[in-house]
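Observations on the model geometry
Here is what each chain is made of, one letter per residue.
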Amino acid sequence: MKKFAAGLVACALALVPSFGVAQQASAPQIQCGQPHTVGRGDTLSGISLRAYGSLLYQPIYTANVATIGANPDRIQVGQRLTIPCLTATEVAAGDGAPVQGQLTLTFNKASAPPFIINSGIVDKYLAEITEVTEGRVTFVDPEVVNRDHAAQFGMVTSGQVDGAYVLNQYLAASHPLLQLPMEPMFGGSAEQTAVSLWRLHSRYLANTNYFPEAKLLGFIASPAAHIWRDSAQPVTADEGIATKNTYDVPYFSGLDTRGPAKMRAEVAASIANYNAQNSEPPTFFLAHGAAIALGIWDETSSVEVMEVDNGLYTPTFSVVLSNDAWAQISPRDQRAILEVSGEALANRSAAWDAFDNSFRSKMLELGLVFKKADKALLDDLFLSSMDDLKTWTTAANGLGIPPIEALKFYLSNLHSLKDRLIYRAPEVDVAQHPFITGDR
């Protein structure tokens, strides 16, 4: 069944069933300038089709927002709606891209409201969109917020919500080109990583059809993960540390949604089980905030951190709107939104850097022992990405992207943005990576 331009919520949430376009078109015509009483099966797009011969629902929603409420998909049987009259020019100009009134879109935030990705980045970004469009584009939470990070992309592409941020790890199979920051030494600070990934997108990926399912507005990144382990077994360059993450903490589907207390209990049980079966201490790859929140480190602990500034991995998110939602925005407002998206949105990831660094500073005050990875360890980590990069280069070649050139561009940007990292360690010469020199 075809979804209308307004976007329909999932059937379980709908107050009235939706009709297909053909069914709505065959229903009696609606006279503009006269009130219309919502009947069973009505949708704003269907009403618009019967009134204007167009799916342009926004003028009807704008005229009746006080009656309908914040969600244009939630009209109810018996509501009396005003149907404004439009000229043929207004209908033609606005079909799929409203020229007047307010467009309210649903944006699902998978993390809990106070978490930094919302409070420090996304909330401010969405507010800026409303500001630059002079109130014509606003955002609300869906009636039921889905906290499952793995479900976000499907919710957007299916029309359940208009927008979301998607953890790129869950797009590994369909979008391998977004996975570079998950490789050792291919990330860094949140801002450094998000900006570099966006520049890679702008220079190479945007010229292909690698992301047709939704409108990509930009990237957000979290800070890089470091190595946490008991000081009784120091990290060395010859042990293959990149493969030794003992427990893959579900940071974005646990810590910020289920809460630290439940996650600490889960991690403690995992550590106890590991210790019962192994003689060597467990190893964890985590950012500073996660390490203290999960109880991996506290002031009585013998655990120390080996900081790897460009990371064991650096999680990133794609901020997307559905293609239908994007088509409803006027060209003028689309341009305004793009001005505050892309690299401007990537720069907002600096808030996550400051958030994590505040934990780091507090941990140092409480006695955290930290070491910086030396060149031998950094080189070992750099080389450990070789096999996974073959998948990346295959995907790039398939889209006509020169892989070595694109990788060199991405790594050079990481290097040029080293000032975005709050604290630094010995540098790695990105030009010497085997995928750049050809020794692979």
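Everything numeric here is computed off the predicted structure, so don't read it as measured data. (Residues numbered from 1 in each chain as written. Predicted model: local features only at pLDDT ≥ 70, side-chain atom pairs only at ≥ 80, totals over all residues. Heavy atoms only, no water.)

For the protein, the helix and strand inventory stands at 18 helices and 11 strands. Sorting the 440 residues of the protein into buried and exposed places 52% on the buried side. Of the contacts made within the protein by residues no fewer than 6 positions apart, 78% connect residues no fewer than 24 positions apart. With the model as given, the accessible surface of the protein reaches about 18200 Å², and the carbon-plus-sulfur share is 53%. (Helix = DSSP H or I, 4+ residues; strand = E, 2+ residues; numbered from the N terminus. Buried < 20%, exposed > 50% of the residue type's maximum accessible area, 1.4 Å probe, protein only. Contact = heavy atoms within 4.5 Å. Areas by Shrake-Rupley, 256 points an atom, 1.4 Å probe, with all protein chains shown as cover.)

Another point: the sheet that holds strand β7 (residues 226-230). Pairing within the open sheet is mixed, and its 4 strands lie in the order β8-β7-β9-β11. Strands at the two margins of the open sheet, each flanked by one partner only, are β8 (283-286) and β11 (370-372). Direction aside, the axes of adjacent strands within the sheet are offset by 25° on average. Bridge count between strand β9 (residues 303-307) and β11: 3 bridges; the pairing is parallel. (Pairing = 2+ DSSP bridges. Axes fitted to C-alpha atoms, helices over the stretch in contact; angles between N-to-C directions.)

Orientation of helix α6 (residues 116-132) relative to helix α14 (residues 350-365), taken along the N-to-C sense of each, is 150°, at an axis distance of 9 Å. α6 and α14 meet at a crossing whose hand is right-handed. Along its contact with α6, which presents I116, I117, G120 and I121, the element α14 presents A351, W352 and F355. A breakdown of the residues in the contact of α6 with α14 according to their chemical character gives 6 nonpolar, 1 polar and no charged. (Left-handed = near helix turned anticlockwise from the far one by under 90°. Nonpolar A, V, L, I, M, F, W, Y, C, P; charged D, E, K, R; others polar.)

What follows is about the pattern of salt bridges. Scanning the entire structure with this criterion turns up 16 salt bridges. Taking the shortest distance from any N to any O, the salt bridge between K109 and D123 comes out at 2.6 Å. With a gap of 14 residues between them, K109 in the loop between β3 (103-108) and α6 and D123 in helix α6 connect regions that are remote in the sequence. In this structure, K372 and E307 form a salt bridge, with 2.7 Å as the shortest nitrogen-oxygen distance. In this pair, K372 sits in strand β11 while E307 sits in strand β9, placing the two residues 65 residues apart along the sequence. One salt-bridge network, held together by shared partners, links E307, D309, R360 and K372. (Salt bridge = Lys/Arg side-chain N within 4 Å of Asp/Glu carboxyl O.)

As a further point, take the nonpolar core. Among the nonpolar cores identified, the biggest contains 49 residues, and L44, Y125, I220 and W352 are the most heavily contacted of them. Of the residues forming this core, the biggest block, 7 residues, is contributed by α6. Leaving out residues up to four positions away in the same chain, Y125 has contacts with L217, V319, I337, V340, S341, L345 and R348. Formed by 48 residues, the second largest nonpolar core is a distinct cluster that contains L197, V308, L389 and L411. (Core = buried A, V, L, I, M, F, W, Y, C linked by side-chain atoms within 4.5 Å.)

Of the residues in the protein, 84% have a pLDDT of 70 or more, and the chain-wide mean is 84. Low pLDDT (under 50) marks residues 1-26, which in the prediction has 60 contacts with non-local residues, meaning those over four places away or in another chain. (pLDDT = per-residue confidence, 0-100.)

For E134, which is not glycine, the phi torsion reads 55° and is therefore positive. Located in the positive-phi region is M185, a residue other than glycine, with phi close to 75°. Following the sequence through the fold, M185 ends up in the loop between β5 (163-167) and α8 (190-203).

Moving on, we get to the packing of α8 against helix α17 (residues 403-416). For the pair α8 and α17, interaxial distance at closest approach is 9 Å and the crossing angle is 150°. As α8 runs across α17, the sense of the crossing is right-handed. Every residue of α17 that contacts α8 at Q192, T193, S196, L197, R199, L200 and R203 is listed here: A406, F409, Y410, N413, L414 and S416. Class assignment of the residues belonging to the contact of α8 with α17 gives a composition of 6 nonpolar, 5 polar and 2 charged.

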